[in-house]
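# Residue-level structure breakdown
What follows is the residue order along each chain.
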Amino acid sequence: MSDALLNSLIIEYLHSTIRIAVLIVLPCLGEVFLERSGVINIGMEGAILTGAFFGVLGSAITGSALVGVVFAVIAGAIVTLMFSVVVVTMRANQIVSGMAVNMVALGLTSFLNRLIFGVRGIPLMVAGIDPFPIPYLSNIPVIGRILFQQDVFVYLAYVLVPMAVFVMYRTTWGLKIRAVGEHPEAADTVGINVYAWRYRMAVLNGIMCGLAGAALSLSQLNTFTENMTAGRGFIAMAAVIFGRWNPASATLAALAFAATDALQLRVQGFGIGISSQFLMMMPYLFTLIAVAFFRGRWSMPAALASSYARESD
Amino acid sequence: MTNAVGFENIIKRFLGVVANDDISLAIPRNEIHSLLGENGSGKTTLMNILYGLYRLDSGRIYVDEQPVQINSPQEAIAHGIGMVHQHFMLVPVYTVAENIILGQRLKREPLLDLSSAEQSISDISRSYGLGVDPRAEVSQLSVGEQQRVEIVKALYRNAKILILDEPTSVLTPSEADELFVVLRRLKEEGRTIIFITHKLKEVMNIADRVTVLRGGRVVDTVSAKDVNEASLVRMMVGREVFFQVDKSIARPRGVALELDNVSVSNDKGKLALKNVSFVVEKGEIIGMAGVDGNGQVELEETILGLRTVDSGDVRICNQSTLKLRPDEIIKRGVASIPSDRERTGIIGAFTISENLLLKGWNDPRFSNHTFLDLKKIREYSENLMQDYDIRAPRSSTVVGHLSGGNKQKAVLARELASKPIVLVACQPTRGLDVGATEYIRQRILLERDRGAAVLLISADLDEILALSDRIMVLFNGEIMGSVDSDHINMEEIALMMTGWRAKDLENHESVNVAFRGNSL
Amino acid sequence: MTITKKYPRNLLRKDAILAAIGAYRDRFFSWLIPVGAFLLSLAILSIVIAVAKVSPLVAYGALMRGAFGNQHAIATTLIHATVLIFAGLGIAVAFRSGVWNVGAEGQILIGGLTSAVVGIYVKGLPIYVHLPLCLASGFVGGSLWGGLAGFLLAKYRVNEIITTLMMNYIAMYFVGWLIRGPIRDPGGSDVQTFMILPSATLPIIYPGTNLHAGIIVALLTAVLIYVLMFRTSIGYQLRAVGINVHASRYSGMRIHLVQVSAMLISGGLAGLGGAAEILGAQYRLRDYFLSNYGFDAIAVAMLGQLHPIGLVLSGILFGGLKTGAATMQRMTNLPSSLIYLLQGTVVIFVVSATILQTMSARSLSRREERRNERRAPE
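Remember, it's a predicted structure, so these values are computed and weren't measured experimentally.

Reading the values: rules and limits
- Residues numbered from 1 in each chain as written.
- Chains lettered and ligands numbered in written order.
- Predicted model: local features only at pLDDT ≥ 70, side-chain atom pairs only at ≥ 80, totals over all residues.
- Helix = DSSP H or I, 4+ residues; strand = E, 2+ residues; numbered from the N terminus.
- Buried ≥ 20, exposed ≤ 12 C-beta atoms within 10 Å, placed from the backbone.
- Contact = placed C-beta atoms within 7 Å.
- Rg over C-alpha atoms; globule rule 2.2 N^0.38 Å.
- Nonpolar A, V, L, I, M, F, W, Y, C, P; charged D, E, K, R; others polar.
- Pairing = 2+ DSSP bridges.
- Axes fitted to C-alpha atoms, helices over the stretch in contact; angles between N-to-C directions.
- Parallel < 35°, antiparallel > 145°, perpendicular 65-115°, else oblique.
- Left-handed = near helix turned anticlockwise from the far one by under 90°.
- pLDDT = per-residue confidence, 0-100.
- Domains from an automatic or database assignment.

### A look at the overall build of chain C
Tallying secondary structure elements over chain C gives 13 helices and zero strands in all. Secondary structure elements of chain C occur, N-terminal to C-terminal, as α-α-α-α-α-α-α-α-α-α-α-α-α. Counting only residues that meet the buried cut, chain C has 57% of its 378 residues in that class. For chain C, long-range pairs separated by at least 24 residues make up 78% of all intrachain contacts whose partners lie at least 6 apart in sequence.

### So, the overall build of chain B
Along the backbone of chain B there are 18 helices and 22 strands. On C-alpha atoms alone, chain B measures out to a radius of gyration of 25 Å, which is about the 24 Å that the 2.2 N^0.38 rule sets for 520 residues. Dimensions of chain B along its principal axes, counting C-alpha atoms only, are 70 × 55 × 45 Å. Counting over 520 residues, chain B shows a buried share of 51%. Long-range contacts, defined as pairs at least 24 residues apart, comprise 69% of the intrachain contacts of chain B with a sequence gap of at least 6.

### Let's talk about the interface of chain B and chain A
At the interface, 16 residues of chain B touch 17 residues of chain A. Grouping the constituent residues of the side of chain B that touches chain A by class yields 11 nonpolar, three polar and two charged.

### Some thoughts on the sheet that holds strand E7 (residues 161-165) of chain B
All names here are of chain B. A sheet is described by the order of its strands in space; here six strands give the open sequence E6-E7-E8-E3-E9-E10, paired in mixed fashion. The sheet terminates laterally at strand E6 (81-84) and strand E10 (217-223), the two strands that pair on one side only. Going across the sheet, the axis of each strand differs from the next one's by a mean of 20 degrees, ignoring polarity. Where helix H5 (residues 143-156) meets the sheet, it contacts E6 and E7, and its direction lies at approximately 170 degrees from that of E6. This element, helix H6 (residues 173-188), spans strand E3 (32-36), E7 and strand E8 (192-197) of the sheet and lies at about 145 degrees to E8.

### Observations concerning the packing of helix H2 (residues 44-62) of chain A against helix H9 (residues 194-220) of chain A
The geometry of a pair of packed helices is captured by two quantities: the angle between their axes and the separation between those axes. Residue and element names in this part refer to chain A. Contact geometry for H2 and H9: axes closest at 7 Å, N-to-C directions at 55 degrees. As summarised for this structure, H2 and H9 are arranged oblique, according to the angle between their axes. The two elements H2 and H9 cross, and the hand of that crossing is right-handed. Across the interface between the two elements, Met44, Ala47, Ile48, Leu49, Thr50, Gly51, Ala52, Gly55, Val56 and Ser59 from H2 touch Gly206, Cys209, Gly210, Ala212, Gly213, Ala214, Leu216, Ser217 and Leu218 from H9.

### Thoughts on the interface of chain A and chain C
Opposite the 39 residues of chain A that make contact, chain C presents 41 residues. Elements represented by at least two residues in the side of chain A that touches chain C include exactly helix H4 (94-117), helix H10 (232-242) and helix H12 (276-294) of chain A. No other element matches H4(A), which puts 15 residues into the side of chain A that touches chain C.

### Re the pairing of strand E13 (residues 285-289) of chain B
A regular strand places its side chains on the two faces of the sheet in alternate fashion. Residue and element names in this part refer to chain B. A large share of E13 lies buried, amounting to five of its five residues. Of the two faces of E13, both are covered, the one formed by Ile285, Gly287 and Ala289 as well as the one formed by Ile286 and Met288. In this structure, E13 lies alongside strand E20 (residues 453-458), joined through five bridges in parallel fashion. Paired with Ala289 across the strands is Ser458, a residue of E20. As defined by bridge partners, E13 adjoins strand E21 (residues 470-475) across four bridges and the pair is classed as parallel.

### Topic: the sheet that holds strand E1 (residues 3-14) of chain B
Residues and elements named next belong to chain B. Pairing is antiparallel in the open sheet, where four strands are placed in the order E2-E1-E4-E5. Two strands in the sheet have a free side with no partner beyond their single neighbour: strand E2 (17-28) and strand E5 (66-68). On average, each strand axis in the sheet is tilted by 25 degrees relative to the strand beside it, whichever way the strands run. Where E1 and strand E4 (residues 58-63) come together, five bridges link them in antiparallel fashion. Note on E4: the bridge partner recorded for Ile11 is Ser58. With respect to the sheet, helix H1 (residues 43-50) is in contact with E1, E2 and E4, its orientation differing from that of E1 by roughly 115 degrees.

### Points about the confidence of the model for chain C
Residue and element names in this part refer to chain C. Residue-level pLDDT values for chain C average 86, and 89% of them are 70 or greater. For the stretch residues 1-12, pLDDT sits under 50, and the model shows 12 contacts to residues farther than four places along the chain or on other chains. When the criterion is pLDDT under 50, residues 372-378 qualifies, and its contacts beyond four places in sequence or with other chains add up to 15 contacts. Across the interface, the model reports ipTM at 0.87; the global pTM reads 0.86.

### Focus on the domain arrangement of chain C
All names here are of chain C. Along its sequence, chain C is organised into domain 1 (13-54 + 343-366) and domain 2 (71-333). With centres defined by C-alpha atoms, the gap from domain 1 to domain 2 works out at 28 Å. Each partner contributes to the interface: domain 1 provides nine residues, whereas domain 2 provides eight residues. Residue assignment for the side of domain 1 that touches domain 2 shows that the elements contributing at least two residues are helix H1 (14-51) and helix H13 (338-371). At five residues, the largest contribution of residues to the side of domain 1 that touches domain 2 is made by H13. For the side of domain 1 that touches domain 2, the residue count by class is seven nonpolar, two polar and no charged.

### Brief notes about the domain arrangement of chain B
Buried accessible area, meaning the area lost when the parts come together, often serves as the stated size of an interface. Residue and element names in this part refer to chain B. Along its sequence, chain B is organised into domain 1 (3-237), domain 2 (241-333 + 421-520) and domain 3 (347-419). Averaged C-alpha coordinates put domain 1 and domain 2 at centres separated by 32 Å. Listed as interface residues are 16 residues of domain 1 and, on the opposing side, 17 residues of domain 2. Secondary-structure elements contributing two or more residues to the side of domain 1 that touches domain 2 are helix H7 (200-206) and helix H8 (229-237). In terms of residue count, H8 provides more of the side of domain 1 that touches domain 2 than any other element does, six residues in total. For the side of domain 1 that touches domain 2, the residue count by class is six nonpolar, five polar and five charged.

### Description of the packing of helix H4 (residues 104-121) of chain C against helix H11 (residues 293-303) of chain C
Residue and element names in this part refer to chain C. At a minimum axis distance of 7 Å, the contact between H4 and H11 shows a crossing angle of 125 degrees. Taken together, the axis directions place H4 and H11 in an arrangement best described as oblique. When the axes of H4 and H11 are compared, the crossing they make is right-handed. Across the interface between the two elements, Ala104, Glu105, Gly106 and Ile108 from H4 touch Tyr293, Gly294, Phe295, Ala297 and Ile298 from H11. Classifying every residue of the contact of H4 with H11 by side-chain character gives six nonpolar, two polar and one charged.

### Focus: the environment of Ala466(B)
All names here are of chain B. Within the secondary structure layout, Ala466 lies in helix H16 (residues 461-467). Ala466 sits in the partly exposed class, given 18 other C-beta atoms within 10 Å. The sequence separation of Ala466 and Asn99 amounts to 367 residues, and the corresponding C-alpha distance is 48 Å.

### A look at unusual backbone geometry
Residue and element names in this part refer to chain B. Positive phi outside glycine occurs at Asp22, with the angle close to 60 degrees. Positionally, Asp22 belongs in strand E2. Within the chain, Asn318 stands out as a residue other than glycine whose phi angle is a positive 70 degrees. Mapped onto the fold, Asn318 is located in the loop between strand E14 (311-316) and strand E15 (319-320).

### Examining the environment of Ile479(B)
Residues and elements named next belong to chain B. The topology assignment puts Ile479 in strand E22 (residues 478-484). In this structure Ile479 comes out as buried when scored by C-beta crowding, with 22 C-beta atoms within 10 Å. Among all residues touching Ile479, those that are not within four sequence positions of it are Val276, Phe278, Met472 and Leu474.

Encoded structure:
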């Protein structure tokens, strides 16, 4: 194989890694904030799916993909808002509730899909968002193709990740959020509204999931199919854990996971010895090993998944 | 002289108890005022109301002579009130500075600018000699240092009135002295300090004036100059009448429980028991008097095998229990009535039968290795219910629905039915009505007459005096003295509970009663 | 209310009356919550269906017919129910012990794997040896898979939600890899294993249908679990630790052992579910052959109030929904995954209702305590 061919293979591989990663990074960022505030949402799958559907719906109705994105974001936010009512106000079990959200989202989106778009042999294509190159930057050799010939969601992620790091560690908001997840009682006594912050983070999570859904259905596939999220919500959760609840490392974890996903897609084509199944297992296996071996030092927010209630309530 | 804080007819109720029963009190500015009282006297409740953590049921609060409504700690802080609790409200993974500015409006919000805060914290720390490093991570600090962080936290928020809830309970004596230096400094500056405590020595050391609370009411407010420890004790404890119980003479027959130079650390790493040694013989009741927080819980846990000792030995019938698991210790004949009934004594969602089974699920009478003999268990439960006067329709009633007295009787039934050799009874009648209290005390005496070795750990002096054959006092993890119950009275016990040693009582002239041969 | 002859004096005691009221209220709620949640969800589903201009009654009729309409339908329903009941029992045991096992999905897979491997490759055994051996392997496989998470929890306090969740996907891809590699049947067009030997198959119990003996085993297991949880000392300890770990510690229970046992039993039961499906219905391992049963089983367990009787009933109910959904889709064009809407809302209602019940119990006891107020003596 010639050098040029090998190079372009690698470049294309990295390009698709980024493209795959954005679907994980966006919900991952939202979940980092939500889990830092003490709530674990395994219903991300459902929120992304809902976002994907409403994104297509919005685009189909108005012909504008941008409207679709707006629809997607609102839909995602509403889903997680309902989740947070059940989990924060009613103090229901977070895992079971998250699972319920996934189920409801699956049922509802499949139903609405049939209802509105009918049963089709060929999926309906809607106005989507095409990738576009960033002028000047996209002409840089190697990096230009990998980083700057992507779609708008990827560019958005480039901005959001550093923003997330900044907000988390350099603003009073981040300080409050982390306090709420570490020691909600202490936060409460200094006047921080634990419930309100958890709600806010849930909505943030929903917005990010909505964006990911829109990226999936409007940018990458231009259509909606039932259950199209295919476990990305759970990979995002693994990235949050493997990234130790830190937006920067979680993003790196997401990239690593996306890299294995991109690899296994290619490997299938080439029939190389390493099984694609094995590759797909890696994210979860590594996360398990990390959590099991580092135990106490893989410290999750102390109040994660425990409901908070004031003693006087 | 304006008052910093005023309380007018404050009433506050909790489940079944009136914690503050019509309290009226004024605390002038610029003094160190101590709230003194036993457990349950209402002092912490009153301060929690002032700090906005509890809502009062009726009454009025005045700050700087203005009537105020305080519904949250935020509002209290806005009125210049700061509080340092017994359980610190600090986020362990944060630095000191991060903890202190949490919830505060910063100059360049939302930017987290710690540098100016760190500067202020260092300034405050220096001017009061608090020695707090704003960059240190809280989880790495000692308990004393964490407390000083809490103080700086209050000062940073411009607290003019500073409430401290039992501050020295977590401090070593030298740390306590340092704290007092700080408090005097603060007073010189014009701040008002309210100091909740049950330790008389501290009151005499630092307070300008003292308010004694008892049973939710104010006994009196006096100037510290005008009283001594004995008179304070009389105010704290004051009852002339106590439950008379017919008690036969004890006939101790051999050592059942022995603690030999035991030292134990609590969860925070501080020594909770220091070289504690005592014995309890079969057929006698040893009353271990002491206010909560002096090592009682750790003592209970050590005897039951739930906490490992740092040094020393624990022996049941002359055999060491250090290497035994809790269930093995129970098998040796140890029974316990735990101090925290709801948490460790019963399982509220279980039925009476199931609770009674907590001590017998692998007893061959009730289970043949795996299967429970439900019929036998039910019969057993019904017999116990009758023997111990547990009032419920049947043994399948859920224990959570019973009254406090019946719950405790269920605990008693369960523990005593196994005819234990050693019984550790911790605060057995706390929170119970008169009838249940009588009943339980009678039962404990019966056990002693049956030949059990009873260790009664209690903060209720009535109870200690009425039941014990021999009385010891636990203070700060040490045994202050061991005296025959005929040879001591309530005031003397109370003094020991605040740090006096038995031998000191003999010599001190301010103790106004004859030491020997005096009954109340 | 029957009062035994020993306590006639308690008839008038306020204590006794209050306790009795409490007992009735508890029992009332434990039926009211699942039934109410289901009816409420059904109402919501009806609205949704009506929006699609389909009559809810027609839809439900199709659903019922698809689930119970003829013997084939009932058979398929019970076949689905088998897996759900097994896994649901496992989840119930874990949840009742305070261990949040969300790894049923993975444990089912591993159980299916181990039972299939023993069923395919262990030759020369008669059915009355081979079949129980396969079932046992299924149990053991799932048990060890769950036990690992239990061990990490008990010894190192590693959060079991994270470990079991991750192990779901590890199981999924591990089995997928094995099917494509070492245990693949190269002859077939699909990715699959060889068939299990006839000596490892669960016999059909209703001739003419696919209904296999797995349902019998499931029902027997439900009885067994009932006995375990409520009539043995192990079950007693599991429940005690799940409700109040502090009191349990105080009475000498060995909490670590209890937690590991809970995961071993729980994983094993889920593994049995996977085994039953392979040995009775599918006869070989295929890709994605059991997806979602594990998560569905959580819904089954919640609706069944973590009680064996409730589990069997809700297992059959959800099994029926799964079966009937295809018929409903055919006859009304409503997508079969609409069923998940019902399942999800049921779980949400059940879970929220439990909180309401606790809140009402607390306010009742608060009122009661106020009546027995104690003041300090003058």
